[in-house]
Amino acid sequence: IEMWLTFKKPLTDEAFSWETGDSYLFRYAAAESGQALMLNVKNDLGIVVFTVYNGSGDWETGAIQVPSTYNEITVDTPILFTMTFSRSQDRAALYLNGFKVAQDYYDLIISEAQSFVVGNSNVLVDELRIHSAALSPEMVRDSYMRGRPFSANEVYLSGKVEEGDVVELSFG
C-alpha cells in the first residue's frame, strides 16, 4: 500500500489521540474475522505505526506493530508512506519517502478484507495505490523517486472529495 500524506497537525496533537480524536490514517479490515491492516498515529510518542492484526482478540499475540522511529514528520509537507506485507516472507515493513524505517516478522494470516477506510480530517491523502504483491525495497525507492502514474487497475473516485473528507470503500 502506498499513499502520499500531508499532515495538517503535528503527530503529538490531541487530534490524533485514540481516546479523543482519530488516530487512524487507514484501516483495511475483514468484518467477520476482525483481521486488519492499519496505519495510525500514536500521539503520545509522536510516531506512526503500521499494524497487522489477526483478529484473535488478543493484541499481545495476535498483532505486530511496526512503529516508525522517525518522529520528525512536519506539518504541510507531503510524505510517501509505503507499507508492505509479505505472506511468503512473513514480514511487514514501513517506508517513508522510499526508505525503510521499520520492519518486523510475524506469523499471522490475513484473509481478504471487506472494507478500506482512508484518511481523517487532520491529514490530506493523495495518490493511494494498493498493490497485489509486496514491493521490494528497490521498487519502493523507485516509486518514490519517479512518482509513477497510476496503473489501469487502481480505484478512482468519481465524485469530488473535499479536504478533510473520509472516504470508505467496501468490497465483497
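A.B. asks: What should I look at first to understand the packing of aromatic side chains in this one?
C.D. replies: The geometry of two aromatic rings is summed up by the distance between their centres and the angle between their planes. Overall, the coordinates contain 4 aromatic pairs when judged by the stated rule. Through successive ring pairs, a cluster of aromatic residues spans Phe-7, Phe-16 and Phe-81.

A.B. asks: Help me understand the pattern of salt bridges in this model?
C.D. replies: Pairing between side chains becomes possible if they bear opposite charge and their charged atoms approach one another. This structure, assessed with the given rule, holds 2 salt bridges. Among the ionic pairs, Arg-129 bridges to Glu-2, the shortest N-O distance being 3.8 Å. You can see Arg-129 sitting in strand S10 (residues 123-129) and its partner Glu-2 sitting in strand S1 (residues 2-7), a full 127 residues away along the chain. Each member of the pair, Arg-129 as well as Glu-2, carries the same accessibility label: buried. One salt bridge connects Glu-127 with Arg-129, and the closest N-O pair in it is separated by 3.5 Å. Arg-129 sits in the buried class, given a relative accessible area of 3%. By sharing partners, the salt bridges in this structure join Glu-2, Glu-127 and Arg-129 into a single network.

A.B. asks: Would you explain the sheet that holds strand S8 (residues 99-105) in this entry?
C.D. replies: Each strand in a sheet pairs with its neighbour through backbone hydrogen bonds, running either in the same direction (parallel) or in the opposite one (antiparallel). Taken together, 5 strands build an open sheet; the order of strands is S8-S7-S6-S1-S10 and the sheet is antiparallel. On the outer flanks of this sheet lie S8 and S10, each paired with one strand and no other. Taking each pair of neighbouring strands and ignoring which way they run, the sheet shows an average axis angle of 20°. Where S1 and S10 come together, 5 bridges link them in antiparallel fashion. Looking at S10, one finds that Trp-4 is bridged to Asp-126. Contacts between helix H2 (residues 137-146) and the sheet are confined to S1, strand S6 (79-86), strand S7 (91-96), S8 and S10, with S6 contributing the most and set at about 155° to the helix.

So, how was this worked out
Residues numbered from 1 in each chain as written. Predicted model: local features only at pLDDT ≥ 70, side-chain atom pairs only at ≥ 80, totals over all residues. Heavy atoms only, no water. Phe/Tyr/Trp six-rings, centres within 6.5 Å; stacked < 30°, edge-to-face > 60°. Salt bridge = Lys/Arg side-chain N within 4 Å of Asp/Glu carboxyl O. Helix = DSSP H or I, 4+ residues; strand = E, 2+ residues; numbered from the N terminus. Buried < 20%, exposed > 50% of the residue type's maximum accessible area, 1.4 Å probe, protein only. Pairing = 2+ DSSP bridges. Axes fitted to C-alpha atoms, helices over the stretch in contact; angles between N-to-C directions. Contact = heavy atoms within 4.5 Å.

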